[in-house]
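The primary structure of each chain is shown beneath.
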Amino acid sequence: MTTALLTHPDCLNHLTPEGHPERVARLEALLPRLEGKDLLRVRAPLAADDDLLLAHPQDHLDAIKAAEPERGIRQLDPDTWMSPGSLQAALRAAGGAVRAVDMVLSGEADNAFVACRPPGHHAETRAPMGFCLFGTVAIAAKHALERHGLERVAIVDFDVHHGNGTQDLVQSDGRILFVSTHQMPLYPGTGAPSETGPAGTVLNIALDEGTTGEVYRRILTDTILPRLRAFRPELLILSAGFDAHANDPLAGLSLETADFAFVTEELCRMAAEVCEGRVVSCLEGGYDLDALAESGEAHVDALIAAAR
Ligand SMILES: [Zn+2]
């Protein structure tokens, strides 16, 4: 019984400017905490164009490939930058997620954590945004549907920011349930509860600044888990951001490390009930290095415990 860890050294080559919160040091803080754990370690492969095209049009791929500078760092939007190596890193993130889906659906692993960067949940159909170049979890979900023949996949995004990109990429597909919890108002400004998607398969839960772990746990138990059980996904994909932590500098929620463990345990329990425990989790945000490392470790520990 196995938890897979997918990552790649290339994810350390995506550079952002001095002082940027989404930085190499994030993985350097998190990965050592996962050393020595009972994990099946896999080098994240590069996503192929065909993988990216599951979620994005060719012109988006062409634009991102053309945007990578030969030297220095190039700004794509107010928050999003590329350096030499950024494309390769983003392809590892998407390829890692696709491979993780393959592993979990083939039984090679019970569940998986993809510890890559840049994150993906703000990348829209044709636009890099909010540190993100490609919609990693959306690509993974569509890969499971289109290539493995699944009929229902659920995505739960517990990053403190709304997963606007994932919503943009999946909301017209009624086979994908997208659940996002996020502080509101906060970047990117979308994610009102009234945004339910054309197929009615989007659940946005807006949280007030200062929301505690106690309140968050209640929302998970009373609202999110029943919706997931009713949808009966055959695979659960997580957008695992740890920036809802009280110490995070980019947001104002008040979750603690133990809350991320609780959330992971409960989601894995639900997955055990409805989809043989198949969970693929992909790292998104989390910008206080200690909080990220501690919460990410707790998340992975819960995945390992669920796989036993
Ligand atoms: Zn975030």
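No experiment lies behind these values; they were computed from the predicted model shown.

S.K.: How should I be thinking about the packing of helix 4 (residues 86–106) against helix 5 (residues 136–148) in this particular structure?
M.R.: Describing two packed helices takes the angle between their axes plus the distance from one axis to the other. Relative orientation of the contacting elements helix 4 and helix 5 amounts to 40 degrees, with a least axis distance of 9 Å. Our classification of the angle between helix 4 and helix 5 gives oblique. The two elements helix 4 and helix 5 cross, and the hand of that crossing is right-handed. Where helix 4 approaches helix 5, its residues A93, A94, A97, V98, V101, D102 and L105 are matched on the opposing element by T136, I139, A140, H143, A144 and H148. By residue class, the composition of the contact of helix 4 with helix 5 is nine nonpolar, three polar and one charged.

S.K.: What exactly am I supposed to notice about the coordination of the zinc ion here?
M.R.: Where a metal carries four tetrahedral donors, each ideal angle is 109.5 degrees; where it carries six octahedral donors, the ideal angles are 90 or 180 degrees. Donor atoms from the polypeptide that bind the zinc ion are D159 (OD), D159 (OD), H161 (ND1) and D243 (OD), placed at 2.0 to 2.7 Å. Classification of the site at the zinc ion rests on its four donor atoms, whose angles at the metal span 53 to 155 degrees, yielding the label irregular. Between the donor residues of the zinc ion, the gaps in sequence give the motif D-x1-H-x81-D. Of this pair, D159 sits in the loop between strand 6 (153–157) and helix 6 (164–170) while D243 sits in the loop between strand 9 (235–240) and helix 8 (257–275), and the two are 84 residues apart along the sequence. In this structure, D159 and D243 share a single accessibility class: buried.

Criteria and thresholds
Residues numbered from 1 in each chain as written. Predicted model: local features only at pLDDT ≥ 70, side-chain atom pairs only at ≥ 80, totals over all residues. Heavy atoms only, no water. Axes fitted to C-alpha atoms, helices over the stretch in contact; angles between N-to-C directions. Helix = DSSP H or I, 4+ residues; strand = E, 2+ residues; numbered from the N terminus. Parallel < 35°, antiparallel > 145°, perpendicular 65-115°, else oblique. Left-handed = near helix turned anticlockwise from the far one by under 90°. Contact = heavy atoms within 4.5 Å. Nonpolar A, V, L, I, M, F, W, Y, C, P; charged D, E, K, R; others polar. Donors = N, O, S within 2.8 Å, 3.2 Å for Na, K, Ca; no water. Tetrahedral: all angles 85-135°; square planar, octahedral: opposite > 155°, others 65-115°. Buried < 20%, exposed > 50% of the residue type's maximum accessible area, 1.4 Å probe, protein only.

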